[in-house]
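Below are the chains, spelled out letter by letter.
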Number of protein chains: 2
Amino acid sequence: MSAPDDRALEYVARYFKALAEPMRLKVLNALQDGEKNVGQLTEISGGSQANISKHLSLLTQYNLVERESRGTNVYYKIADPRVYDLCELVCGQIGNRMTLENDIKKMFVTTNHVR
Amino acid sequence: MSAPDDRALEYVARYFKALAEPMRLKVLNALQDGEKNVGQLTEISGGSQANISKHLSLLTQYNLVERESRGTNVYYKIADPRVYDLCELVCGQIGNRMTLENDIKKMFVTTNHVR
DNA sequence: ACACTATATAACTATACAATTATATAGTCA
DNA sequence: TGACTATATAATTGTATAGTTATATAGTGT
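Let us look at the structure shown here. The structure presented is a predicted model; accordingly, all values stated were derived computationally and were not measured.

Our next topic: the overall build of chain A. A tally of regular secondary structure across chain A gives 6 helices and 3 strands. Among the 115 residues that make up chain A, the fraction classed as buried is 45%. A separation threshold of at least 6 residues defines the contact pool for chain A, and within that pool the share at least 24 residues apart is 52%. When the accessible surface of chain A is totalled, it reaches about 6000 Å², and 46% of it is carbon and sulfur.

Laid out in structure tokens, this is it:
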């Protein structure tokens, strides 16, 4: 029950920060249905190659995605699918008070998150 | 299943951003056991009065806390307790791969989150 | 009205970081 | 080897924001 120590707080804050950019959310969203390489993610997200690469680098550092190079391509996939539970929770909370409810709720809430 | 529109992504990112600062997490943590006024939160968090006030202002804007002034004091409380579920999820994910596991897990994981 | 307390805000500085452009690295195939 | 493709990184610029100090606002009691 004691106050969490500062190091722990920084870790958690860091994790949330990784999720605090629209472009990264778009990338994570694109990875919901399986791994994709940088080119695919660049096209889907509509960002520049350099920008997406940098975001992927950050997401990898923060352990949100995993990197695997095959041939001349590099494939990324979600490291822990519970990240989508986070997004669902946030969407739920925002949806509760926003007119955007429908737009938002269908974002990350796909078919089934096993748990 | 279509890509979430940009406005929705920005809302979600904004919400995560509110959670992406250690001092704000500290404040939210301090509010777990009920409302507190600015003076109390300032003391608990160890920040300056001005700084805490600014963070509270932001948390209010982003609808994470609710504000109620009574007399010369202003009391803040959690707007939606599901915010702690978010923190638990993050702690769980971090805890899974960090040595800090114990430190972190006991942070936001208190007695009972009704659901 | 005045003094006193609690909270908010303004002005400022320093830092973090998103996006861009240009370039480097690394793998593949001829 | 050299040409080609895919990805990463460096250098730069602009913007956002955390924290500080000083000041303003608002409520209370005399």
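All names here are of chain A. Along the chain, His 55 falls in helix 4 (residues 49–61). Judged by its relative accessible area of 13%, His 55 falls in the buried class. The residues touching His 55, leaving out its near neighbours within four places in the chain, are Met 23 and Arg 24.

The next thing to look at is the sheet that holds strand 3 (residues 73–78) of chain B. All names here are of chain B. Taken together, 3 strands build an open sheet; the order of strands is 1-3-2 and the sheet is antiparallel. One side of each edge strand has no neighbouring strand; the edge strands of this open sheet are strand 1 (36–37) and strand 2 (65–70). The pairing of strand 1 with strand 3 spans 2 bridges and is classified as antiparallel. Its bridge partner lying in strand 3, Lys 36 is registered against Tyr 76.

This brings us to the protein's contact with DNA strand D. Near DNA strand D, the surroundings consist of 22 residues, among which A:Arg67, A:Asn73, A:Tyr76, B:Lys54 and B:His55 are the closest. Taking the atoms of DNA strand D that fall within 4 Å of the protein, sugar and phosphate contribute 66% of them. In this structure, a phosphate oxygen belonging to DNA strand D sits 2.9 Å away from a main-chain N or O atom of A:Gly39. At 3.2 Å from a phosphate oxygen of DNA strand D is found a side-chain nitrogen or oxygen belonging to B:Arg24. For the surface near DNA strand D, the elements supplying multiple residues, two or more each, are helix 3 (38–45), helix 4 and strand 3 (73–78) of chain A together with helix 4 (49–61) of chain B. Of the residues forming the surface near DNA strand D, the biggest block, 5 residues, is contributed by helix 4 of chain B. Here the surface near DNA strand D is composed, by residue class, of 6 nonpolar, 11 polar and 5 charged.

Our focus in this paragraph is the state of the cysteines. All told, the structure shown has 0 disulfides over all chains when counted by the stated rule. This cysteine, A:Cys91, is not joined by any disulfide, and A:Cys87 carries the nearest cysteine sulfur, 6.4 Å off.

Before going further, it helps to examine the protein's contact with DNA strand C. In the vicinity of DNA strand C there are 21 residues, among which A:His55, B:Gly39, B:Arg67, B:Asn73 and B:Tyr76 approach most closely. When atoms of DNA strand C within 4 Å of the protein are sorted by moiety, sugar and phosphate together comprise 65%. A distance of 3.1 Å is found between a sugar or linking oxygen of DNA strand C and a side-chain nitrogen or oxygen belonging to B:Thr72. Sorting the residues of the surface near DNA strand C by element identifies helix 4 of chain A together with helix 3 (38–45), helix 4 and strand 3 of chain B as the ones contributing at least two each. Looking at the surface near DNA strand C element by element, the count peaks at 4 residues for helix 4 of chain A. Here the residues of the surface near DNA strand C are counted per class, giving 5 nonpolar, 11 polar and 5 charged.

About the thresholds
- Residues numbered from 1 in each chain as written.
- Chains lettered and ligands numbered in written order.
- Predicted model: local features only at pLDDT ≥ 70, side-chain atom pairs only at ≥ 80, totals over all residues.
- Heavy atoms only, no water.
- Helix = DSSP H or I, 4+ residues; strand = E, 2+ residues; numbered from the N terminus.
- Buried < 20%, exposed > 50% of the residue type's maximum accessible area, 1.4 Å probe, protein only.
- Contact = heavy atoms within 4.5 Å.
- Areas by Shrake-Rupley, 256 points an atom, 1.4 Å probe, with all protein chains shown as cover.
- Pairing = 2+ DSSP bridges.
- Near = heavy atom within 4 Å.
- Polar contact = N/O pair within 3.5 Å; in protein donor to acceptor, adjacent residues only side chain to side chain.
- Nonpolar A, V, L, I, M, F, W, Y, C, P; charged D, E, K, R; others polar.
- Disulfide = S-S within 2.5 Å.

Nothing here speaks to function; it is geometry throughout.
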